[in-house]
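Close look at the chain arrangement
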Amino acid sequence: MPRFLNLLDSPVSPAVKPLIFPLSCLFLLWTAQQGATEEAGDNGVLVTTGSSSARVPGLAPLRWSSDGDILLKGPHDVHQLVLTHRQNDGEDDVTAIATFFVEPPGVVTVSPDGLIRVNGNGSATITAKHAAGQLSRTVKVSQADDLLPISFPNEIVPIFTRHGCNGGGCHGKAEGQNGFKLSLLGYEPQDDHGYLVREGLGRRIFRASPGRSLLLLKGSGELPHQGGSRLSRGSDDYNAIVRWIRQGLPYQSEGDPSVSRISVEPRERLTRARAVQQLRVVAHFSDGSSKDVTRIAQYEANDEDMAIVSDKGLVTMQERTGSTSVMIRFQEHVDVFRATIPLGAPVENLPPSNNLVDQHIFAKLRTLGLPPSQASEDSTFLRRATIDIAGRLPTLEETDEFLDDTDPEKRQRKVDQLLASTDYADYFAGKWAAILRNKRSSPHHARGSFAFHSWIRNALHHNLPYNAFVRQFVAASGEVGENPPVIWYRTVKDSKEQLQDVAQIFLGQRLQCAQCHHHPYEKWSQDDYYGFEAFFSKVGRKPGAQPGEEVIFNKIGAASARNPRSGRALSPKPLGGEELILANHHDPRDSLADWMTNESNPFFARMLVNRYWKHFFGRGIVDPEDDMRVTNPPTHPDLLDSLARSFVESGYDLKGLVRTICNSRTYQLSSIPNEHNLDDRQNYSRFYPRRLPAEILLDGINSVTNAKEKFNGQPQGIRAVQLPDDQFTKESYFLSVFGRPDMNSACECERADDVNLAQALHLVNSTNIRNKLASEDARAALLVKNGEASVEARISELYRRAFSRAPGPEELTIGVQYLKRKRTPPDPSTLSEDQRKNARSPEAMAREPYEDLIWALLNTKEFLFNH
Amino acid sequence: MTGPKIKSRLIFTTLFLGGVPLATAQLPHPDLQTIFPQGAQAGQTVEVAIGGSELQETTGLLFSHPGIRCEQIPVAATEFHPPGHKALNYRVSVAPDVAPGIYEVVAATRLGMTAPRAFAVNSFPEKVHRANHSPESAEELPLNTVMNGHADAAAVDHYKISLSEGQRVIIRCEAESIDSRMDGTISIANSSGHEYNRDRDTTGRDPLLDFTAPKDDVYLLKVYDFTYAGGAHYPYRLIATDAPHIDFIDPPAGISGTSTKFKIYGRNLPGGSTGEGVRLGRAELESIEVEIPLAENKTLGLNPGEVHSSLVPGMTWCLDSNGRRSNPVRIGFSIAPVIQGAEGQEQTILVPSETHGRFDTKGDLDHYRFQAKGGQPLWIECIASRIRRGSDPVLWIDQITVDEKGIEHFKEIAGNDDSGGNPGGASFPFRNHDCSLVFTPPVDGIYRLRLHDYTGGGGPADLYRLLICTVAPDYDLITTPWYAAPAKATKAIPRHSAVIRRGGTTILRVFAIRRNGFKGSISLTVEGLPAGVECPPVILPSGQDTASLILHGTPEAHNWQGFVRVIGTVGDVRRSARPGTISWSIGNRDTEFTRARLSHQLPLSVTVDEQAPIVIQPASDRYEVALGEKIEIPFKIEKAMNLKGELVVAVHGLPHSKPPSVKLKQDAVEGSLALAFSTSNEFKAAPGKWTFSLRGECTIKHRHNLSAVKIAQAEEDRIIDLEKEAKEEEARAKAAIAPAKQALQEAEKNLAAASDTEKESLERAVAEKKSSLAEAMSSSASASEKVKRVTAARTSTSTHLKQAGEISKEKDRKHATHSKLITVVVKPATNDPDK
């Protein structure tokens, strides 16, 4: 069976026919959701004609992306047509393959890719013809002969952005490029106007002969330009600049509206591999008018393995199945087009949904025609859940007990047991301590960093509701003795860092960009940034009880932060909200916590469930998990919303959330791919294996080899996952090479999860591992000493310790053969003096085969990965 | 008070034992760093071991309660040594009537008395822990038994406790309260390893677990220092008890001499109920109402809490229930009348009054209103952090005006956050996070007072007392022995006690806690000084909060150990300074901290057996000068040790930023310093009495404990004499063999030549000679054995002597010293036209 089915091909093969029903149902559902005026007929019952396009009665096969007459104003106005051909199994963009006719001619022309340009005043009918039929609409043109005044911010600046002139690597960087500076991505059009018109006595513009302006000569590459030729002479953009120069370099006319938002048509599409989709982008102005900006907007695909996009807004799908998006930016506004590319394989015998996770995931798998893998085996589930919840491998006793247990509810019980254990608190405390930057930058900071870690651990162990956890953290005052979260303010000293960390960790908003300019991929402006900073503007500090400690308190006075560009002092302002008026004694951080933990906060719960989702699945529903911008949409928006809602309704119950995730059948799917889902990276049709985190791997090796790690200043036997702060990453080569973070960043991405040569060499060829294997009380020695057990039993014990499963017959045979192989000690006469001196004792020699076997097991993917 | 004569025997057993040496530049100083176990049950006797520095010639331990006594533990005489006693072990007996509490102990040593160390007395039996660093080695912790242990570095102590289902215990680990460096942590888990809870810093830095067993089980307790630090300086006293535990008491104060109803909040309270739903953290507290007679504290135990808290007038109270005593709590003594604060509304208070309020919620801002007379200063003070550590109140005063429409307008005209700062710095850190101010109303009228907690506290235990009264100047004094650290020599802060070496000086630092608007100067004197020790009065100037008293020994001084008092006088108001100490020494003030606390007594020691290395002896300690003139202060330098490099002598104690100084060559025996008293200097003098000292800084070629060498030498001499005697005896014995042999030979010869009639008597003679020879040979052998033994003893004494010699070898040591105080009476300028 081919991996990808091309449903555009016709006729539908018998093998494909069973797919038509579910896909069509989804399509009908989708159209209903779009609020289309057309209604699916006959309750969605299909009329199968045997032809390539099964029709739904009452629905026209062709439609425009928007209805109504097209109104064009002025000689340079344009309109991008988007023509869609509906079929019962999806929708296809046929803009580029339809033929357009204009009647009467002379009013407008339509390019083959559907762009309408003005020729003269009047009204005309445009008819699109396609194999599926034809469709007409009216276009009305006014002021075709008038010279309409150009708006510099709305028409000229977007040209610079689109051609990369004002990018961060070019004239948009802080110092400009070769003496010519523009504001980054055109966020400050007033400044840009000044740079062009007034700076250097306007030397870049030649009013008498616009075409000889330095701006255009360089931009078009007619004069040497490091950035090459960006504007071809005679192009629309080139001409627009010429017109602007001719008009006398206006900024804009009085009363010119500003852009209040942009929208893309269509916003979402269920499409197919290799299909194309023309987008149309409309700017909506403050006066209620709108304008087609398709050709001057900027496009960026989120995942070029799934879709690529041209500068004219034409999206071309690639081969991979799943959901992807294209970001559209115009001025400081963004919108997103989302495409879902189904595989179309039969999805049968889906297990019944255990909870809301399964409902959403399985629904999408049906949509995509992407059959999930089988359910994982008990041993795999046990190992996976123990690693993910408790941060360790299952013990031998746990494994035996679980595998012997016949209770159908045993998986749920195991999840509950793991959550009740302090191992859960230990593991997740380490996770939170890393992003909350629990650093010990000096030896005498230990009390603080230990206390902060302990506070987090305690909160998790007692399942402090997440909203209370965040409130206690964000609005922390006092001393480390009474209130350990104040230690965060020791590491994160600057109010800008504080706002950035809080926004990223708890709201999934990366605001760093907006410190210097409008966020390029989000709606956040500098006012949003500094309004948010104002929440931290009254954090006061006094000397604490011990060196390296402080008393954190709320200073009295008005909370405010100054936007350095406008000079305006902003009061505390929640993201997307209005500035707050607060009493002088009021701690603005309390108001921040109020807003964050309010049930209606659009970021707070979604961020957390997404973070935890990523923890368990290796990929966020939004990924990266803490970059939840509009332009980085979720793969499963409804799931994200449902999980967040359920989390809020549970009273922000973190353990409850873990239960929901781990008890889902989705989480319990096998990682072994079926014939369809090997490439799946975002639909959770199987479990995505990932390398064990550094601490769990080290602890796991220690538990299999019966070694004990010694960390500086920590009691013997402490596990790496229990370590409180960053200090031990520096100290332990193992932890450092396997990517334990230095806790310098609020981003979980600081933890390296890659696989590299240094790691492989360390596992295969290091004294550290060798000592663990070969010590007197190592597992190998214990196994040899245990004379009562058979060789098979010893091998089985090792497999159960390392993989939480018994060895297969072949594995057992190989193991037995290896362990029983006769070994002859080397002839002493052949050894050098040194070799003789260092020769192992006969007891040690007897341990060697076991050491080898354990070493081999530790170096398997099955051990190294959570799968 | 003097100690018993040191027995030379001690030298041999203890000379090279002792505590952790600190990398400081100070002269060797005795310090009782550890005493273990650090407590005993009333009515019992316990053997304790002490540790510290310069304790090798300790003569005894002195306790702050007369019912606690120590005796030396005898060691029997041996062949070459007289009877002695153990050097670092003592038997401590606690009389049955000693009330449970924390007392103090000092060690009396060759160099003087040490700073005090806490010593606890309890009504429960006591045990001493053994090695228990693994769950397998967990030690049984019986209920209502005090377990004395100490945290080890990078280790966890394990205990097991058997509890039946529903049984509730309070588990405390006392460490901070017994001067321990330990920041204790306790966790509790069941026998399967499931941890229920862990705790730290619930009562100060000490943890408290309130645990109710969910089932019959043997539960595992883990006890450790929070950062896994440890050692002998990290002692703890662990107790699991069903005695009541008090978390807080409401109101926090009452009027002394009355009997007042209080509500006690805590756990395991007799007849207590959780009906009020009061929670502290995760704990639900019970409450009971108790009537308590309030009277001056008669108990001798130390007050719990920090320095400022301990200064608040009040009493310590415990709740007794079924023979079990709760933890102690402080109840303050109010100024009359008391007003009960009401939440949620602005309250009118009177002047004078004391209001008992509470920061109910985070961000709480309480409003009060009072009528005041213009120009009449008021003292306004909030006591909150002194009731609950972690609170940080701040207050503001608003002037209220009413416009013609009857609308009130508020104008903030005064405010205060923290009063007092940290006058002791890192060496004696004590901070007051409470607020207070003198408020002088600009006009007659109504004022508003707003009170808020800066640290965001808020809850049932966040009580405060708001005092408002007319200004009635008052103050408290604290004094502590002070270490004259050489500048830039060290960041260490050693625990110090007042010791005067022959001809030398010692410093007592005094801190003034000014109250009720008091700003004036305070005259400071020392009472109880022995003959030969002097300290002229020192004026703590107006507006300042620290001064130094310098005690100096005169040639009449003799060995003495006792307790003295520092007295402050302002007009008729006399205040005895509360002695203070730090709990432990530190090596680096930038990274470590020490804890300051008040103590019972202020020990002073005079040791004439050891001379001060450098003595700066001013020609006179009293000068008179007219304002604007200079004085020349000649001084002599007496050296007991050689110097390395020059000696810098500077004026110390006057408010110079760059004090006048003079550099002297290392062999100089005298010098002179000029000091100007003018109004134009950076030190702006005014007429009056000024006191200061001459402070010398140098590097000395220090020789430590020369007396130990003398004693070791004497001991070696004694043993050498014994050895000599033994060898002489051996020689004599050996010498007696030859004559005996000869006599025998002669007798045998005579016997051989004798006739039958002579034979019998001659045979007897031979037998006698044989016996004499055997006896001589035996005596000789015995004498030889004795020589061997005495030689071994001599080898041992020689080793000790060698070691004492090593220790006393000359070493460079940075050193600072102060002369006795010089008093200068500054008179108005003679040429001042206004005078």
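Residues numbered from 1 in each chain as written. Chains lettered and ligands numbered in written order. Predicted model: local features only at pLDDT ≥ 70, side-chain atom pairs only at ≥ 80, totals over all residues. Heavy atoms only, no water.

**Structural notes on the overall build of chain A**
On a plain count of helices and strands, chain A comes out with 30 helices and 26 strands. For chain A, the spread of C-alpha atoms along the principal axes amounts to about 100 × 75 × 60 Å. Among the 867 residues that make up chain A, the fraction classed as buried is 57%. Across chain A, every contact between residues at least 6 apart in sequence was considered, and the portion connecting residues at least 24 apart equals 63%. Looking at chain A as shown, the accessible area adds up to about 35300 Å², and 51% of this sits on carbon and sulfur atoms. Put simply, chain A has 101 plus and 108 minus side-chain charges, and the middle of one group is 3 Å from the middle of the other. (Helix = DSSP H or I, 4+ residues; strand = E, 2+ residues; numbered from the N terminus. Buried < 20%, exposed > 50% of the residue type's maximum accessible area, 1.4 Å probe, protein only. Contact = heavy atoms within 4.5 Å. Areas by Shrake-Rupley, 256 points an atom, 1.4 Å probe, with all protein chains shown as cover. Lys, Arg positive; Asp, Glu negative; His and termini not counted. Charge placed at Lys NZ, Arg CZ, Asp CG, Glu CD.)

**Let's talk about unusual backbone geometry**
With an omega of -10°, the peptide bond running from Glu265(A) to Pro266(A) counts as cis. Here Pro266(A) is to be found in the loop between β11 (259-265) and β12 (268-270). Of note, the amide linkage connecting Asp250(B) to Pro251(B) takes the cis form, showing an omega dihedral of 0°. Take Pro251(B): it is sitting in the loop between β20 (245-250) and β21 (253-254). Of note in this structure, Glu54(B) is not a glycine but carries a positive phi near 55°. Summarising the element assignment, Glu54(B) is placed in the loop between β3 (45-53) and β4 (60-63). Positive phi outside glycine occurs at Asn322(B), with the angle close to 50°. Following the sequence through the fold, Asn322(B) ends up in the loop between β27 (320-321) and β28 (324-325). On the accessibility criterion, Asn322(B) (76% relative accessible area) is exposed.

**A word on helix α18 (residues 637-649) of chain A**
Residue and element names in this part refer to chain A. Over its 13 residues, α18 runs 18 Å from end to end, which matches the ideal 18 Å to within 8%, given 1.5 Å per residue. Considered for burial, the residues of α18 that qualify are Leu639, Leu640, Ser642, Leu643, Ala644, Phe647 and Val648. In this structure, the buried side of α18 is in contact with α6 (356-368), α12 (466-474), α17 (604-617) and α19 (654-662). Taken from the residues just after α18, glycine 651 is the one with a positive phi, measuring 80°. (Expected span 1.5 Å × (residues − 1).)

**Some remarks on the packing of aromatic side chains**
Following the criterion strictly, the structure yields 58 aromatic pairs over all chains and no others. When the ring of Trp584(B) is compared with that of Phe593(B), the centres are 5.6 Å apart and the planes differ by 90°; the resulting orientation is edge-to-face. Judged by its relative accessible area of 6%, Trp584(B) is buried. Each member of the aromatic cluster is reached from another via a ring pair, and the members are Trp432(A), Phe452(A), Trp455(A), Tyr466(A), Phe469(A), Phe473(A), Trp488(A), Tyr489(A), Phe506(A), Phe604(A), Phe647(A) and Tyr652(A). (Phe/Tyr/Trp six-rings, centres within 6.5 Å; stacked < 30°, edge-to-face > 60°.)

**Looking at the pairing of strand β39 (residues 463-470) of chain B**
All names here are of chain B. Burial analysis of β39 places seven of its eight residues in the buried class, the great majority of the element. With six bridges joining them, strand β34 (residues 378-383) and β39 adopt antiparallel strand pairing. Paired with cysteine 382 across the two strands is leucine 466, which belongs to β39. (Pairing = 2+ DSSP bridges.)

**A closer look at the environment of Ser620(B)**
By the element assignment, Ser620(B) lies in the loop between β52 (614-618) and β53 (622-626). Sequence-wise, Ser620(B) and Pro634(B) are 14 residues apart; in three dimensions their C-alpha atoms are separated by 8.1 Å.

**Remarks on the side chain of His452(B)**
With respect to the helices and strands, His452(B) occurs in strand β38 (residues 445-453). Separated by 2.9 Å, the side chain of His452(B) and the backbone oxygen of Asp364(B) make a polar contact. Among residues more than four places away in sequence, those in contact with His452(B) are Ile556(A), His585(A), Phe359(B), Gly363(B), Asp364(B), Leu365(B), Asp392(B), Pro393(B), Val394(B) and Trp396(B). (Polar contact = N/O pair within 3.5 Å; in protein donor to acceptor, adjacent residues only side chain to side chain.)

**As for the confidence of the model for chain A**
Caution applies to low-pLDDT parts of the model: their predicted coordinates are not meant to be read in detail. Here chain A averages 88 in pLDDT, and 93% of its residues register 70 or above. Across residues 1-58 of chain A the pLDDT falls below 50, and counting only partners more than four positions away or on other chains, this stretch makes 60 contacts in the model. (pLDDT = per-residue confidence, 0-100.)

**With respect to the sheet that holds strand β13 (residues 276-278) of chain A**
Residues and elements named next belong to chain A. Read from one edge of the open sheet, three strands run β13-β18-β17, paired in antiparallel fashion. The sheet is open, and its two borders are formed by β13 and β17 (307-309), each paired with just one other strand. Looking at each pair of strands side by side, their axes are set apart by 20° on average, direction ignored. (Axes fitted to C-alpha atoms, helices over the stretch in contact; angles between N-to-C directions.)

**Focus on the interface of chain A and chain B**
Taken together, the contacts link 42 residues of chain A with 36 residues of chain B. Taken together, both faces of the contact between chain A and chain B bury some 2900 Å²; the carbon and sulfur share is 54%. Broken down residue by residue, the surface that chain A buries against chain B is led by Arg447(A), Lys542(A) and His585(A), which jointly contribute 18%. Where chain A packs against chain B, one counts eight salt bridges. Between Arg457(A) and Glu195(B) there is a salt bridge, with the nearest N and O atoms lying 3.3 Å from each other. With eight residues, helix α11 (residues 446-461) of chain A is the largest single contributor of residues to the side of chain A that touches chain B. (Buried area = accessible area lost by both parts, 1.4 Å probe. Salt bridge = Lys/Arg side-chain N within 4 Å of Asp/Glu carboxyl O.)

**Description of the side chain of His29(B)**
You can see His29(B) is positioned in the loop between α1 (8-14) and β1 (31-36). The contact partners of His29(B), leaving out residues within four places of it in the chain, are Ser53(B), Glu54(B), Arg495(B), His496(B), Ser497(B) and Val499(B).

**With respect to the nonpolar core**
All names here are of chain A. Formed by 145 residues in total, the largest nonpolar core has its most connected members in Trp432, Tyr466, Phe506, Phe532 and Tyr612. Per-element accounting of this core gives the leading share, nine residues, to α17. Setting aside residues up to four positions removed in sequence, tyrosine 466 forms contacts with Trp432, Phe506, Phe604, Leu608, Phe647, Tyr652 and Leu654. (Core = buried A, V, L, I, M, F, W, Y, C linked by side-chain atoms within 4.5 Å.)

**Focus: the confidence of the model for chain B**
Residues and elements named next belong to chain B. Across chain B, the average pLDDT comes to 90, with 95% of residues at or above 70. Low pLDDT, under 50, characterises residues 1-24; the stretch is placed with 58 contacts to residues that sit more than four places away or in other chains. The ipTM, which scores confidence in the relative placement of chains, is 0.89 for this predicted complex, and the corresponding pTM is 0.87.

**Points about the state of the cysteines**
Residues and elements named next belong to chain A. Enumeration according to the criterion identifies one disulfide over all chains in this entry. Here cysteine 747 pairs with cysteine 749 through a disulfide, and the sulfurs are 2.2 Å apart. Here the S-S torsion is close to 135°, and the disulfide linking cysteine 747 with cysteine 749 is therefore right-handed. Judged by its relative accessible area of 56%, cysteine 749 is exposed. This cysteine, cysteine 170, is not joined by any disulfide, and cysteine 165 carries the nearest cysteine sulfur, 7.0 Å off. Of all cysteine sulfurs in the structure, the one in cysteine 516 sits closest to cysteine 513, which takes part in no disulfide; the separation is 8.9 Å. Here cysteine 513 falls in the partly exposed class, since its relative accessible area comes to 30%. (Disulfide = S-S within 2.5 Å.)

**A short note on helix α24 (residues 767-774) of chain A**
Buried residues of α24(A): Ile769(A), Lys772(A), Leu773(A) and Ala774(A), and no others. Of the surrounding elements, those touching the buried residues of α24(A) are α20 (694-705), α22 (733-737), α23 (757-765), α25 (779-785) and α29 (842-858) of chain A.

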